[in-house]
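# Descriptive structure summary
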Amino acid sequence: MPTDPFEVLADYERRSLAHVAGLPEQIDAPGLWRGVGYRLGSRRLASGFDEVVEILPMPPVTPVPGAHPWMIGVANIRGNLLPVVDLKQFLEGERTVLHESQRVLIVRQPGGDVAVTIDELYGQRSFVEEQQLPADDPSGAALTEGRYAHFVDRTFRLADHPWGVFSLDRLARTPEFRQAAA
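Residues numbered from 1 in each chain as written. Predicted model: local features only at pLDDT ≥ 70, side-chain atom pairs only at ≥ 80, totals over all residues. Heavy atoms only, no water.

Further remarks concern the sheet that holds strand β7 (residues 114–118). Overall, mixed pairing links the five strands, which are arranged β3-β6-β7-β5-β4 in an open sheet. In this open sheet, the two strands that pair with only one neighbour each are β3 (52–57) and β4 (71–77). On average, each strand axis in the sheet is tilted by 30 degrees relative to the strand beside it, whichever way the strands run. Bridge count between strand β6 (residues 103–107) and β7: five bridges; the pairing is antiparallel. Bridge pairing in β7 places Leu105 opposite Val116. (Pairing = 2+ DSSP bridges. Helix = DSSP H or I, 4+ residues; strand = E, 2+ residues; numbered from the N terminus. Axes fitted to C-alpha atoms, helices over the stretch in contact; angles between N-to-C directions.)

As structure tokens, this is what we get:
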């Protein structure tokens, strides 16, 4: 056993690294899908970790004159001006009631990031193939009504709730979403 403090710490490090189990993001199981779970209106949705850059509390927003109603404004996030979009209003035409615990998902899009509002953050969600709902399942079909049909790829059942996998990447490439001027 080493007696020098540096050698003791180096020994601890060597032994701990020798017994490291794979980190959760390194564990890959066939048929496993993982992402960020959130609620938008009455819908429970999840988007891939690769589509969400960051999750933040609702920042102070400056309105932008002449923008669509779903464009709340712009926010200064660490020196970068990001558009802030009311995702529920964009998809459903119904304004989100903003509140203290409001969160925004920062989404990468061509030309710069954008912040989209969500009603509630659930955190990490994982789904396996056995939880996937058939295309004709009525509870899953409710998640793909209206404009959601363009962005929800598949649906799953988890803890008695249907969940839709929502493509933020597809949303960011939608011409109407990219053109916020009214």
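Another aspect to go through is the sheet that holds strand β2 (residues 43–48). One open sheet holds the five strands; their spatial order is β8-β1-β2-β10-β9, and the pairing between them is mixed. The sheet terminates laterally at β8 (120–128) and β9 (152–158), the two strands that pair on one side only. Shown here is a sheet whose adjacent strand axes are inclined to one another by a mean of 35 degrees, direction ignored.

Turning our eyes to something else, we now look at the pattern of salt bridges. Using the criterion set out here, one finds 11 salt bridges in the structure. For the salt bridge of Glu145 with Arg43, the shortest nitrogen-to-oxygen distance reads 3.9 Å. Within this pair, whereas Glu145 is found in the loop between α3 (138–141) and β9, its partner Arg43 is found in strand β2, the two being separated by 102 residues in sequence. Using a relative accessible area of 47% as the deciding quantity, one classes Glu145 as partly exposed. On the accessibility criterion, Arg43 (12% relative accessible area) is buried. A salt bridge links Arg147 to Glu176; its shortest N-O distance comes to 2.6 Å. Separated by 29 residues along the polypeptide, Arg147 in the loop between α3 and β9 and Glu176 in helix α5 (residues 175–178) bring together distant segments of the chain. Under the relative-accessibility criterion, Arg147 is labelled partly exposed at 26%. (Salt bridge = Lys/Arg side-chain N within 4 Å of Asp/Glu carboxyl O. Buried < 20%, exposed > 50% of the residue type's maximum accessible area, 1.4 Å probe, protein only.)

Turning to the environment of Leu143, a few remarks are in order. By secondary structure assignment, the location of Leu143 is in the loop between α3 and β9. In this structure the C-alpha to C-alpha distance between Leu143 and Gly31, which are 112 residues apart in sequence, comes to 21 Å. In this structure Leu143 touches Arg43, Arg44, Tyr148, Val152, Thr155, Pro162, Trp163 and Gly164, once residues within four positions along its chain are discounted. (Contact = heavy atoms within 4.5 Å.)

Turning our attention to the nonpolar core. The biggest cluster of nonpolar side chains holds 25 residues, and the ones touching the most others in it are Tyr38, Val85, Leu91, Leu105, Phe166, Leu168 and Leu171. When contributions to this core are tallied by element, the ones reaching two or more residues are β1 (32–40), α2 (87–92), β6, β7 and α4 (168–173). When near neighbours in sequence (up to four residues on either side) are disregarded, Leu168 contacts Tyr38, Ser47, Glu51, Val52, Leu105 and Val107. (Core = buried A, V, L, I, M, F, W, Y, C linked by side-chain atoms within 4.5 Å.)

For the coordinates displayed, the defined rule picks out nine aromatic pairs. For the ring pair Phe90 and Phe177, a centre distance of 5.3 Å and an interplane angle of 80 degrees mean the geometry is edge-to-face. Within this pair, whereas Phe90 is found in helix α2, its partner Phe177 is found in helix α5, the two being separated by 87 residues in sequence. Just as Phe90 is buried, Phe177 falls in that class too. On the numbers, 6.1 Å between centres and 50 degrees between planes, the contact of Phe127 with Trp163 is tilted. Separated by 36 residues along the polypeptide, Phe127 in strand β8 and Trp163 in strand β10 (residues 161–166) bring together distant segments of the chain. Residue Phe127 shares its accessibility class with Trp163, and that shared class is buried. Each member of the aromatic cluster is reached from another via a ring pair, and the members are Trp33, Tyr122, Phe127, Phe156 and Trp163. Over the face of the ring belonging to Tyr148 we find Arg43, whose NZ or CZ atom lies 3.8 Å from the ring centre. (Phe/Tyr/Trp six-rings, centres within 6.5 Å; stacked < 30°, edge-to-face > 60°. Lys NZ or Arg CZ within 6 Å of the ring centre and 35° of its normal.)

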